[in-house]
Number of protein chains: 2
Amino acid sequence: MNYYPEAMARLIGELQKLPTVGPKTAQRLAFYFLKMSVMDAKGIAQSIEDVKSALDYCTRCGNITDTDPCRICTDPRRDRQLICVVKDPDDLLAIERTNQYNGLYHTLMGVLSPLNGVGPQELRMSGLFERVEKDHIKEVIIAISSTTEGQATALYLTRQLTQKFTVSVSQIAHGIPVGGDLDYIDELTIAKALEGRRPFGP
Amino acid sequence: MNYYPEAMARLIGELQKLPTVGPKTAQRLAFYFLKMSVMDAKGIAQSIEDVKSALDYCTRCGNITDTDPCRICTDPRRDRQLICVVKDPDDLLAIERTNQYNGLYHTLMGVLSPLNGVGPQELRMSGLFERVEKDHIKEVIIAISSTTEGQATALYLTRQLTQKFTVSVSQIAHGIPVGGDLDYIDELTIAKALEGRRPFGP
């Protein structure tokens, strides 16, 4: 890397820390920053710092937020007895974008993964149990993707919740995506879709 | 985008300006920045600003540099009568990495592209002509990729240089990449390789 001036080499090194960015992409991005106007480059550098200084996780639900508790947790129009459990804030935002859900959220910040040393203690589960008890939650919807680890997490949560509290626990439906062609869908998804079939008609 | 806190939405917007970064990648990178330590995030933000403040283009050869003229232009061990013409600093660095070239460089900052309004005036050509005349350059190697526009640029440069000065002009060889399997190489490259064949043997 000694072909680059030092500031350039450092930026390329920093960019390579990002996900999906290898040496080639890092170099291309670095050259792009170099060609940008000073104002644009300052803008992007400032935004990165702002994200770190202005944002944090909501202590109640774990959503990313600039106020604590977050806007969803304090929204009086939302159903305060319904909690949707998601893996992380990315998934929370994916559900928000549908505009179809009107309850609160709880992010676990991961899924159970014993091989990687992630047990129930490492996830934000106790916070969920507290909320279910204190806020008299009626229903918990588990919206965790159906990987092996995701399903183990969902199963563990369901058992804990139904044993400890009188709350109904449901899971989002896994099946064929809308517009999905059966031909191109893996067998497991089709099996799940068959298993989750519902009576047809009004 | 109103699902994100404002600082997050702004960062995602800024990241989308980068090449190869679409909405999904921008969101993933933004979340990654959020999860980074404050120090790492500050480091990357600082590097971006540094690249803009510490680096500029060498007024002589157009290389990116933190001194002007750049380290290559002032290196006394280099052959000062040989200039390699490249499209941009990326290509210059690609040649530097081979450790096989010991002359100076001249970057054009683009290639002729009449459709996009890029004529000889828009490129750093007059600077090249000046250098060839003043510094008594003996040979100019044209190292521009063999696209239509690249070849038009090479042809134009060769004509101008040979008409105006007594300098020999050569072009890097286009042919089969080392280790390249003929089966997988396009016809034009094979044609170029045939055309550029050289006598075999010592």
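Scroll up a little and you will see the structure.
Note that this is a predicted model, so its numbers are computed, not measured. (Residues numbered from 1 in each chain as written. Chains lettered and ligands numbered in written order. Predicted model: local features only at pLDDT ≥ 70, side-chain atom pairs only at ≥ 80, totals over all residues. Heavy atoms only, no water.)

J.: I'm lost on the overall build of chain A in this one. Help?
T.: Scanning chain A from terminus to terminus reveals eight helices and six strands. Here chain A holds 202 residues, and the buried ones make up 41% of them. In chain A, the proportion of contacts linking residues at least 24 apart, taken out of those at least 6 apart, comes to 48%. Working note: accessible area of chain A is about 11600 Å², and carbon and sulfur atoms make up 53% of it. (Helix = DSSP H or I, 4+ residues; strand = E, 2+ residues; numbered from the N terminus. Buried < 20%, exposed > 50% of the residue type's maximum accessible area, 1.4 Å probe, protein only. Contact = heavy atoms within 4.5 Å. Areas by Shrake-Rupley, 256 points an atom, 1.4 Å probe, with all protein chains shown as cover.)

J.: Teacher, can you tell me more about the packing of helix H3 (residues 38–54) of chain A against helix H2 (residues 23–35) of chain B here?
T.: To characterise two packed helices, one gives the angle between the axes of the helices and the distance between these axes. Where H3(A) meets H2(B), the closest approach of the two axes is 9 Å, and the angle between their N-to-C directions is 55 degrees. One way to sum up the angle between H3(A) and H2(B) is to call them oblique. Where H3(A) crosses over H2(B), the handedness of that crossing is right-handed. Note on element contacts: H2(B) touches H3(A) through Phe33(B), Leu34(B) and Lys35(B), opposite Ile48(A), Val51(A) and Lys52(A). Across the contact of H3(A) with H2(B), the residue classes break down as four nonpolar, no polar and two charged. (Axes fitted to C-alpha atoms, helices over the stretch in contact; angles between N-to-C directions. Parallel < 35°, antiparallel > 145°, perpendicular 65-115°, else oblique. Left-handed = near helix turned anticlockwise from the far one by under 90°. Nonpolar A, V, L, I, M, F, W, Y, C, P; charged D, E, K, R; others polar.)

J.: It is not clear to me how the interface of chain B and chain A should be interpreted in this structure. Could you clarify?
T.: Listed by partner, the interface residues are 50 residues for chain B and 50 residues for chain A. Buried surface at the junction of chain B and chain A, summed over both partners, amounts to about 5100 Å²; 68% is from carbon and sulfur atoms. In terms of surface lost to chain A, no three residues of chain B exceed Tyr3(B), Ile48(B) and Lys52(B), which account for 14% of the buried area on that side. Counting across the interface, chain B meets chain A through four salt bridges. (Buried area = accessible area lost by both parts, 1.4 Å probe. Salt bridge = Lys/Arg side-chain N within 4 Å of Asp/Glu carboxyl O.)

J.: Help me understand the packing of aromatic side chains, please; the structure alone is not making it clear to me.
T.: Where two aromatic rings form a pair, the distance of their centres and the angle of their planes describe that pair. All names here are of chain A. Applying the stated criterion across every chain yields a total of four aromatic pairs over all chains. Centre to centre, the rings of Phe-129 and Phe-165 are 6.2 Å apart; their planes meet at 40 degrees, and the pair counts as tilted. You can see Phe-129 sitting in helix H6 (residues 125–134) and its partner Phe-165 sitting in the loop between helix H7 (148–164) and strand S6 (168–171), a full 36 residues away along the chain. Like Phe-129, the residue Phe-165 is buried in the burial classification. (Phe/Tyr/Trp six-rings, centres within 6.5 Å; stacked < 30°, edge-to-face > 60°.)

J.: What am I meant to see in helix H5 (residues 89–96) of chain B here?
T.: Where H5(B) is concerned, the buried positions are Pro89(B), Asp90(B), Leu92(B), Leu93(B) and Glu96(B). Buried residues of H5(B), viewed axially, fall in a sector of 160 degrees; they line one side. Where H5(B) is buried, its residues contact helix H2 (23–35) of chain A together with strand S1 (56–57), strand S2 (64–65), helix H4 (71–74), strand S3 (82–86) and strand S4 (104–107) of chain B. (Arc of directions from axis to C-beta.)

J.: What's the story with the relation of the copies chain B and chain A in this structure? I'm lost.
T.: Two copies of a chain can be linked by a rotation about an axis combined with a shift along that same axis. For the pair chain B and chain A, the relating rotation is 180 degrees, the translation along its axis is 0.0 Å, and the fit reaches an RMSD of 0.0 Å. What the rotation and shift describe, once combined, is the action of a two-fold rotation axis. Residue Ala45(B) of chain B places its C-alpha closer to the rotation axis than any other residue of that unit, at 2.1 Å. (Least-squares fit on C-alpha atoms with pLDDT ≥ 70 in both.)

J.: Please clarify how unusual backbone geometry should be interpreted in this entry.
T.: Trans is the prevailing form of peptide bonds, just as negative phi is the prevailing case for residues other than glycine. Along the chain, Asp68(A) connects to Pro69(A) via a cis peptide bond; the corresponding omega equals 0 degrees. You can see Pro69(A) is positioned in the loop between strand S2 (64–65) and helix H4 (71–74). Despite not being glycine, Asn99(A) has its phi angle at roughly 60 degrees, a positive value. Examined against the element boundaries, Asn99(A) turns out to sit in the loop between helix H5 (89–96) and strand S4 (104–107). With phi around 65 degrees, Met109(B) is a residue other than glycine that occupies positive phi space. If you trace the backbone, Met109(B) turns up in the loop between S4 and helix H6 (125–134). For Met109(B), a relative accessible area of 31% corresponds to the partly exposed category.

J.: For this particular structure, what's the right way to read the pairing of S3(B)?
T.: Each regular strand displays side chains that alternate between the two surfaces of the sheet. Residues and elements named next belong to chain B. Counting buried residues along S3, five of its five residues qualify, which places the element largely inside the surrounding structure. Side chains Leu-82, Cys-84 and Val-86 project from S3 onto one buried face, and the interleaved Ile-83 and Val-85 project onto a second face that is buried too. Two strands pair when backbone bridges link them, and S3 and S4 are joined in this way by four bridges, in the parallel orientation. Its bridge partner being in S4, Val-86 is matched across the sheet by Thr-107. For the crossover that starts at S3, traverses H5 and ends in the parallel S4, the hand is right-handed. (Pairing = 2+ DSSP bridges. Right-handed = clockwise from strand over helix to strand, strands pointing away.)

J.: I would appreciate a short explanation of H2(A) in the present structure.
T.: Side chains three or four residues apart in an α-helix point the same way, a direct result of the helix having 3.6 residues per turn. If you check H2(A), its first and last C-alpha atoms are 18 Å apart, about what 13 residues at 1.5 Å a residue would give, namely 18 Å. Taken together, the buried positions of H2(A) are Ala26(A), Gln27(A), Leu29(A), Ala30(A), Phe31(A), Phe33(A) and Leu34(A). In this structure, the buried side of H2(A) is in contact with helix H1 (6–15) and H3 of chain A together with helix H3 (38–54), S1, S2 and H5 of chain B. (Expected span 1.5 Å × (residues − 1).)

J.: Any chance you could explain the sheet that holds S4(A) here in plain terms?
T.: The pairing of strands in a sheet comes from backbone hydrogen bonds and takes either a parallel or an antiparallel form. Residue and element names in this part refer to chain A. Spatially, S4-S3-S5-S6 is the arrangement adopted by the four strands of the open sheet, whose pairing is parallel. Of all strands in the sheet, those bounded by a partner on one side alone are S4 and S6. Within this sheet the neighbouring strands show an average axis-to-axis angle of 25 degrees, counted without direction. Pairing geometry for strand S3 (residues 82–86) and strand S5 (residues 139–142), over four bridges, is parallel. Along S5, the bridge assignment pairs Ile-83 with Val-140. Contacting S3, S4 and S5, H6 crosses the sheet at an angle of about 155 degrees to S4. Against the sheet, H7 contacts S3, S5 and S6, and its axis sits at roughly 165 degrees relative to S6.

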